[in-house]
Structure formats: structure tokens, C-alpha cells
Amino acid sequence: MKRLFLFLIAAFLLASNACAKGKGEFSNMKISIQITSGSGKSELTATLANNSSAKAFYELLKKEPVTIKMGDYGNFEKVGPLGTSLPRNDTQITTEAGDIILYQGNQITIYYDKNSWNFTRLGKVDGVTQAELKKVLGKGDVTAVFEILN
């Protein structure tokens, strides 16, 4: 009985460690986003979320960079069509500046202000304030090129 108990504990610890490694490795995946707007050209980096949607997005980027023409919506986000659908992991969230969101499975948004809705979080822009992000995104339409960060 004691051996069985020790065996089960060891199996549990090994399984927990394997799951933790998988989550940590994926959550450290980085992408770059090149933004062209009325304010000029800027390059941002972002860290992907740990979900099947972000993983599918990353797999898409492994094939080639993805260019999205984005327009302003509601004075809190830039949004544009992805051109394909990704799996959704929608949950009720309140966005923050820098959140990269999958909307309806086929649109990408970059938030520069707050909004609450059922969304799928793809990632988060690294190290940028709301004011800096608003300046980068500028007014009007932008072109965003997403690619894997080398």
C-alpha cells in the first residue's frame, strides 16, 4: 500500500511538471508587430497567451507574416479581418491597452483602451503605456504586420 501511494505521488509530480513546462514554454512565445500609421512606422513586440487560439495564430505566423489592415472602432481598438478563422476561447474579460484579441474567430484587434465583452485573448503588447500605444496607432487606419520574433 505504501509503495502504491509513493508511486501515485511520483506519477502526479511528473505529470504536473510536464504540464507546467508546456505552459511556460508556450507563454514565452514572442511575436513582432510592425505598425504603419499616420504617425509613421513603429515596431512592437508581444507575448502570446497560453491557449489554443494563440497557438493556432503562432502556427499561422510560422508559415509567413500576416498583414492586417485595421480601422478604428469605438475609440478603444484597431480591428481588421484575419482572412481565416482560428479556434475561439471566448471568456468575459475587460481589455486593457496592449491586449491583442481574437474577435469572432476571424478578426484581430489591438486595444488601446478598455472594453468588456466575451473575447479570446491572443496576447499582450510588451512594455508600452496606453499613451505610447495611442501615439503608435495614431488616428485612422493602420497596417499591422504580425510575425514571429527572431
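In this text the structure is predicted, and so the values were computed from the model without any measurement.

Glancing now at the overall build of the protein. When helices and strands are tallied, the protein shows three helices and nine strands. Reading the helices (α) and strands (β) of the protein from amino to carboxyl end gives α-β-β-α-β-β-β-β-β-β-α-β. Considering the protein as a whole, with its 150 residues, one finds that 38% of them fall into the buried category. In the protein, 63% of the contacts between residues at least 6 apart in sequence involve partners at least 24 apart. Summed over all atoms, the accessible surface of the protein reaches about 8800 Å², with 56% contributed by carbon and sulfur.

Turning next to the environment of K41. Mapping K41 onto the fold places it in strand β2 (residues 40–48). Here K41 falls in the exposed class, since its relative accessible area comes to 73%. Distance in space between the C-alpha atoms of K41 and V142 is 9.7 Å, their sequence separation being 101 residues. With sequence-adjacent residues up to four places away left out, K41 is seen in contact with I35 and T36.

Averaged over every residue, the pLDDT of the protein is 86; the share at 70 or more is 82%. By mean pLDDT, the top-scoring element of the protein is strand β7 (residues 107–111) (98), and the lowest-scoring one is helix α1 (residues 2–27) (43). Between residues 4–8, whose pLDDT stays under 50, and residues either more than four places distant or in other chains, the model counts zero contacts.

This part takes up the pairing of strand β6 (residues 99–103). Taking burial as the measure, the five residues of β6 include four buried ones, the bulk of the element. Hairpin connection, β6 to β7: the antiparallel pair is bridged by three residues, and Q104 has positive phi, about 55°.

This part takes up the side chain of N51. As for its placement among the helices and strands, N51 is situated in the loop between β2 and α2 (52–63). Under the relative-accessibility criterion, N51 is labelled buried at 19%. A polar contact is formed between the side chain of N51 and the backbone nitrogen of S53, at a distance of 3.0 Å.

Basis of the calculations
- Counting restarts for each chain, with residues numbered from 1 along the sequence as it is written.
- Per-residue local features of the predicted model are confined to residues with pLDDT of at least 70, and side-chain atom pairs are confined, for both listing and counting, to 80 or more; whole-chain, interface and lining totals are unaffected and use all residues.
- As a convention, hydrogens and water are excluded, and side-chain values are obtained from all of the structure's heavy atoms.
- Helix and strand definitions here come from DSSP, where helices need a minimum of 4 consecutive H or I residues and strands a minimum of 2 consecutive E residues; each element is numbered from the N-terminal end.
- Exposed residues in this analysis have more than 50% of their type's maximum accessible area, buried residues have under 20%, and partly exposed residues fall in between, with area computed by a 1.4 Å probe over protein chains only.
- Whether two residues are in contact is decided by their heavy atoms, any of which lying within 4.5 Å being enough.
- Each accessible area is a Shrake-Rupley result for a 1.4 Å probe, and residues are judged covered by the shown protein chains and nothing else.
- Summary of the metric used: pLDDT quantifies the predictor's per-residue confidence within the range 0 to 100.
- A pair of strands is treated as paired once DSSP finds two or more bridges between them.
- Throughout this description, a polar contact denotes any pair of N or O atoms lying within 3.5 Å of each other; where both atoms belong to protein, one of them has to be capable of donating a hydrogen while the other can accept it, and for residues adjacent in sequence the pair is counted only when both atoms sit in side chains.

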